[in-house]
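Summary of the model geometry
The lines below spell out each chain.
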Amino acid sequence: MPSQRLSVVVTRRLPESVEERMKELFDVTLRVDDSKMDRDSLIAAMQSCDVLVTALSDSIDTDMLDAAGDRLKLISNFGAGVDHIDVSGARQRGILVSNTPDVATEDTADMTMALILAVVRRIPEGLAVMQSDRWTGWAPTAMLGGRLAGRNLGILGMGRIGQAVARRAHAFGMQVHYHNRKQLRSETEQSLGATYWESLDQMVARMDIISVNCPHTPSTFHLMNARRLKLMKPDAVLVNTSRGEVIDENALTRMLRNGEISGAGLDVFENGNQINPRLKDLDNVVLLPHMGSATVEGRIEMGEKVLLNVKTFADGHRPPDQVIPSML
Ligand code: 8YV
């Protein structure tokens, strides 16, 4: 398919340099504002283009794929996670799906450490004291948090981001543990100083901090369910920079309110931005608006990956970051 004829619709505003390059390469329709597109607008877009560039906020289900007609050939997602797209359904209809792996790894791992530090060292509480002029001066027993060095960190999901978290945690002097579908090669384990737990239950019960770094798939939905959350030590902390669906948010909220878990740092939520309102009232919780990968550099690199995937497809080849359902 010659690239000049490829019609591309982009559902969200992307970094300016990426949009400019899109204009040069394709017959592209860009958004003027940055609102989330509703279902009908998305279907209309799918009917009208060869390539749809989606983001996390665009849910593409089977019915929408059916309604798309047969023009759409590629869904190129701006982001690594594709749990909002029916990838198998797309494949059955001959529509390829691509994503942007790797480029968010270091930024998301940084944010994981930031959340761990924020909760364990009570940074938002300290900031609130300063901003409300309540600081009466230093005191030996004021605002005491915990020391990271020596604490056991359990990483749930040891892919690229999990390993980047492990490298950081190791440098902080933490004891790194992990649970993963597959055990890592022993050289990798050694370089990360990481101990493998085949049993997630056993790992969860022994950790001081648990970090969720696995993707959301049918098999990881509510992996941290009420039963498993109850295995956590009462002074443990849970951090999630992956996908909200991996944790039963209501069960977690109840436990935090009852003091059955000491704290949580959450960048992602089970129902998008519809957060359990009770989470917002808790001192021992740090909430962020899904900004784990939100760096200027990361967003440009994500956009460049999208450009590469769409351009490669336009030139008649498979996109380098094609997502195959069996990979999920
Ligand atoms: C992105 C993410 O911001 O890459 C991912 O899967 O979760 C995010 O950090 C988002 O996907 C952009 O669409």
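Computed from a prediction, not measured in an experiment: that's the story for all the values here.

Calculation criteria
Residues numbered from 1 in each chain as written. Predicted model: local features only at pLDDT ≥ 70, side-chain atom pairs only at ≥ 80, totals over all residues. Heavy atoms only, no water. Helix = DSSP H or I, 4+ residues; strand = E, 2+ residues; numbered from the N terminus. Buried < 20%, exposed > 50% of the residue type's maximum accessible area, 1.4 Å probe, protein only. Contact = heavy atoms within 4.5 Å. Areas by Shrake-Rupley, 256 points an atom, 1.4 Å probe, with all protein chains shown as cover. Lys, Arg positive; Asp, Glu negative; His and termini not counted. Charge placed at Lys NZ, Arg CZ, Asp CG, Glu CD. Expected span 1.5 Å × (residues − 1). Near = heavy atom within 4 Å. Polar contact = N/O pair within 3.5 Å; in protein donor to acceptor, adjacent residues only side chain to side chain. Nonpolar A, V, L, I, M, F, W, Y, C, P; charged D, E, K, R; others polar. Pairing = 2+ DSSP bridges. Axes fitted to C-alpha atoms, helices over the stretch in contact; angles between N-to-C directions. Domains from an automatic or database assignment. Buried area = accessible area lost by both parts, 1.4 Å probe.

1. Describing the overall build of the protein
- Counting its regular elements, the protein contains 12 helices and 12 strands.
- Counting only C-alpha atoms, the protein reaches 70 × 50 × 35 Å along its principal axes.
- Here the protein holds 328 residues, and the buried ones make up 51% of them.
- Expressed as a percentage of contacts within the protein between residues at least 6 apart in sequence, the contacts between residues at least 24 apart total 60%.
- For the protein, the computed accessible surface area is about 16,100 Å², with 50% contributed by carbon and sulfur atoms.
- Counting 37 positive and 42 negative side-chain charges, the protein places the averaged centre of each group 4 Å from the other.

2. Thoughts on helix α5 (residues 105-120)
- Taking 1.5 Å of rise per residue, the 16 residues of α5 would be expected to cover 22 Å, and the 23 Å separating its terminal C-alpha atoms lies within 8% of that figure.
- Positive phi shows up at Arg 122, right after α5, with a value of about 60°.

3. Description of the site of the ligand
- What surrounds the ligand is the set Ala 55, Leu 56, Phe 78, Gly 79, Ala 80, Gly 81, Arg 243, His 290, Ser 293, Arg 299 and Met 302.
- Between Gly 81 and the ligand, the recorded distance is 2.7 Å, taken from a backbone N or O atom to an oxygen atom.
- For the ligand, an oxygen atom lies 3.2 Å from a polar atom in the side chain of Arg 299.
- In the complex, the protein chains occlude 88% of the 330 Å² of accessible area that the ligand would expose alone.
- Here the shell around the ligand is composed, by residue class, of 5 nonpolar, 4 polar and 2 charged.

4. Thoughts on the sheet that holds strand β10 (residues 237-240)
- If you walk across this open sheet you meet the 7 strands as β8-β7-β6-β9-β10-β11-β12, and the pairing is parallel. Either end of the sheet is taken by a strand with one partner, and the two such strands are β8 (194-196) and β12 (285-287). Strand-to-strand twist in this sheet, taken as the mean axis angle between neighbours without regard to direction, amounts to 20°.
- Where strand β9 (residues 209-212) lies against β10, 4 bridges are found, and the strand directions are parallel. If you follow Ile 210 over to β10, its bridge partner there is Leu 238.
- Of the strands in this sheet, β6 (152-156), β7 (175-179) and β9 are in contact with helix α7 (residues 160-171), which crosses β6 at around 170°.
- Packing against the sheet, helix α11 (residues 249-257) makes contact with β10, β11 (263-266) and β12, and its axis sits at approximately 140° to β11.

5. What to know about the domain arrangement of the protein
- According to the domain assignment, the protein consists of domain 1 (7-103 + 295-327) and domain 2 (105-287).
- At the junction of the two partners, domain 1 supplies 9 residues and domain 2 supplies 7 residues.
- Across the interface of domain 1 and domain 2, roughly 610 Å² is buried in total on both sides, 31% from carbon and sulfur atoms.
- When residues of domain 1 are sorted by the area they lose upon contact with domain 2, Asp 83, Asp 102 and Thr 295 head the list and together hold 63% of the total.

6. Some thoughts on the side chain of Asn 276
- Mapped onto the elements of the fold, Asn 276 is located in the loop between β11 and β12.
- A distance of 2.8 Å separates polar atoms of two side chains, one belonging to Asn 276 and the other to Asn 250.
- Those residues in contact with Asn 276, other than ones at most four positions away along the chain, are Glu 249, Asn 250 and Thr 253.

7. Some points on the sheet that holds strand β3 (residues 51-55)
- Strand order in the open sheet made by the 5 strands is β2-β1-β3-β4-β5, with parallel pairing throughout. Two strands lie at the open edges of the sheet, namely β2 (27-29) and β5 (96-98), each paired on one side alone. Strand-to-strand twist across the sheet, computed as the mean angle between neighbouring axes with direction ignored, equals 20°.
- As judged from the 3 bridges shared by strand β4 (residues 74-78) and β5, these two strands associate in the parallel manner. Counted as the bridge partner of Leu 74 is Leu 96 from β5.

8. Section: helix α12 (residues 296-314)
- Here α12 spans 27 Å end to end across 19 residues, near enough to the 27 Å set by a 1.5 Å rise per residue.
- Considered for burial, the residues of α12 that qualify are Gly 298, Met 302, Gly 303, Lys 305, Val 306, Leu 307, Asn 309, Val 310, Thr 312, Phe 313 and Ala 314.
- Those residues of α12 that are buried are in contact with β1 (7-10), α1 (16-25), β3, β4, β5 and α5.
- Following α12 by one or two positions, Gly 316 has its phi on the positive side, about 95°.

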